[in-house]
Amino acid sequence: MLTGQCLCGDIKLEYDGPLGPIALCHCSQCRRAHGSAFSASSPIQKIHARFTAGEDLIREYESRPGKYRGFCPRCGSQLYSRVDAIPGILRLRVGVINEPLEKRPASHVYVGSKSDWFTITDDTPQFEKTERTNDPH
């Protein structure tokens, strides 16, 4: 069982399922949304996730047609993204998870549009776009 929460703690979640591969996304949308060089997320099965507090507080922003980013309106924490085309999957922002994950990122995606002020120095596989064309990162 994994637990997580936003920065202010108003929104809390539990996840009791497999955590998919962690992707570090360097696209301009993720950089803007997170105010950082990349976002870190993992696909999870929505059926195994539940919000234990604050689900009614979650706000979603449609960042492109059919893609939504869920966040806390109080502290601004990004919680997940989802796409209409894959309704059973959320891309959980792994920074909200409380427990140690004991797994490394599987890939850097959208490195073709990464920031010029950040240098990738690890040996994690890099992809110009995404590993799969339907990956909602």
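Refer to the structure presented above.
Residues numbered from 1 in each chain as written. Predicted model: local features only at pLDDT ≥ 70, side-chain atom pairs only at ≥ 80, totals over all residues. Heavy atoms only, no water.

1. Some words on the pairing of strand S1 (residues 2–5)
How we decide: Type-normalised accessible area, obtained with a 1.4 Å probe on protein chains alone, sets the label of each residue: buried when under 20%, exposed when over 50%, and partly exposed for intermediate values. Elements are defined by DSSP. Helices are runs of H or I of four residues or more, strands are runs of E of two residues or more, and each kind is numbered from the N terminus. In this scheme, strands are said to pair when DSSP sees at least two bridges between them.
What you see with S1 is a clean split: Leu2 and Gly4 sit on the buried side and Thr3 and Gln5 on the side with no burial. Counting the residues that bridge the hairpin from S1 to strand S2 (residues 12–15) gives 6 residues, and of these glycine 9 lies at a positive phi of roughly 85°.

2. Description of the nonpolar core
The nonpolar side chains of a soluble globular protein tend to be buried, and buried together. Spelled out, the test is: For our purposes a nonpolar core is just a set of buried Ala, Val, Leu, Ile, Met, Phe, Trp, Tyr and Cys residues, chained together by side-chain atoms within 4.5 Å. Between two residues, a contact is recorded if the distance between any of their heavy atoms is within 4.5 Å.
Residues Ile11 and Leu79 are the most contacted members of the largest nonpolar core, which totals 19 residues. Mapped onto this core, the elements with two or more residues apiece are S2, strand S8 (78–83) and strand S9 (89–93). In contact with leucine 79, not counting residues within four places along its chain, are Cys6, Ile11, Ile58, Gly70, Phe71, Cys72, Arg91, Leu92, Arg93 and Val96. In this structure, Ala23, Cys27, Cys30 and Val109 belong to the second largest nonpolar core, which totals 5 residues.

3. Side note on the sheet that holds strand S10 (residues 107–109)
Sheets are built from strands paired through backbone hydrogen bonds, the pairs being either parallel or antiparallel. Heads up, the condition is: Angular values range over 0 to 180 degrees, each being the angle between N-to-C directions of two axes fitted as lines to C-alpha atoms, with helices fitted over their stretch in contact.
Pairing within the open sheet is mixed, and its 7 strands lie in the order S6-S7-S8-S9-S4-S3-S10. Looking at which strands have only one partner, the edges of the open sheet turn out to be strand S6 (59–64) and S10. The average undirected angle you get between the axes of adjacent strands in this sheet is 30°. Pairing of strand S7 (residues 67–71) with S8, which is carried by 5 bridges, proceeds in the antiparallel orientation. Among the inter-strand pairings, phenylalanine 71 is bridged to a residue of S8, identified as glutamine 78.

4. Considerations on the sheet that holds S2
Reading across the sheet, the 3 strands line up as S1-S2-S5 and stay open at both edges, with antiparallel pairing between neighbours. Of all the strands in the sheet, the pair left with one neighbour each is S1 and strand S5 (49–53). Taking the axes of each pair of neighbouring strands and ignoring which way they run, one obtains an average angle of 25° across the sheet. Here 4 bridges tie S2 to S5, and the two strands are oriented antiparallel to one another. Residue pairing in the sheet places tyrosine 15 in a bridge with alanine 49 of S5.

5. Observations regarding the pattern of salt bridges
The following threshold applies: We define a salt bridge as a side-chain nitrogen of Lys or Arg found within 4 Å of a carboxyl oxygen belonging to Asp or Glu.
Scanning the entire structure with this criterion turns up 5 salt bridges. In this structure, aspartate 10 engages arginine 74 in a salt bridge whose closest nitrogen and oxygen atoms are separated by 3.5 Å. Residue aspartate 10 is located in the loop between S1 and S2, and its partner arginine 74 is located in the loop between S7 and S8; the two are separated by 64 residues in the primary sequence. By relative accessible area, which is 61% here, arginine 74 ends up exposed. A salt bridge links aspartate 123 to arginine 104, with the nearest nitrogen and oxygen atoms 3.7 Å apart. Here aspartate 123 is found in the segment after S10, whereas its partner arginine 104 is found in the loop between S9 and S10, with 19 residues between them in sequence. Both residues of the pair, aspartate 123 and arginine 104, belong to the exposed class. What you see here is one network of salt bridges that share partners, running through Glu60, Arg82 and Asp84.

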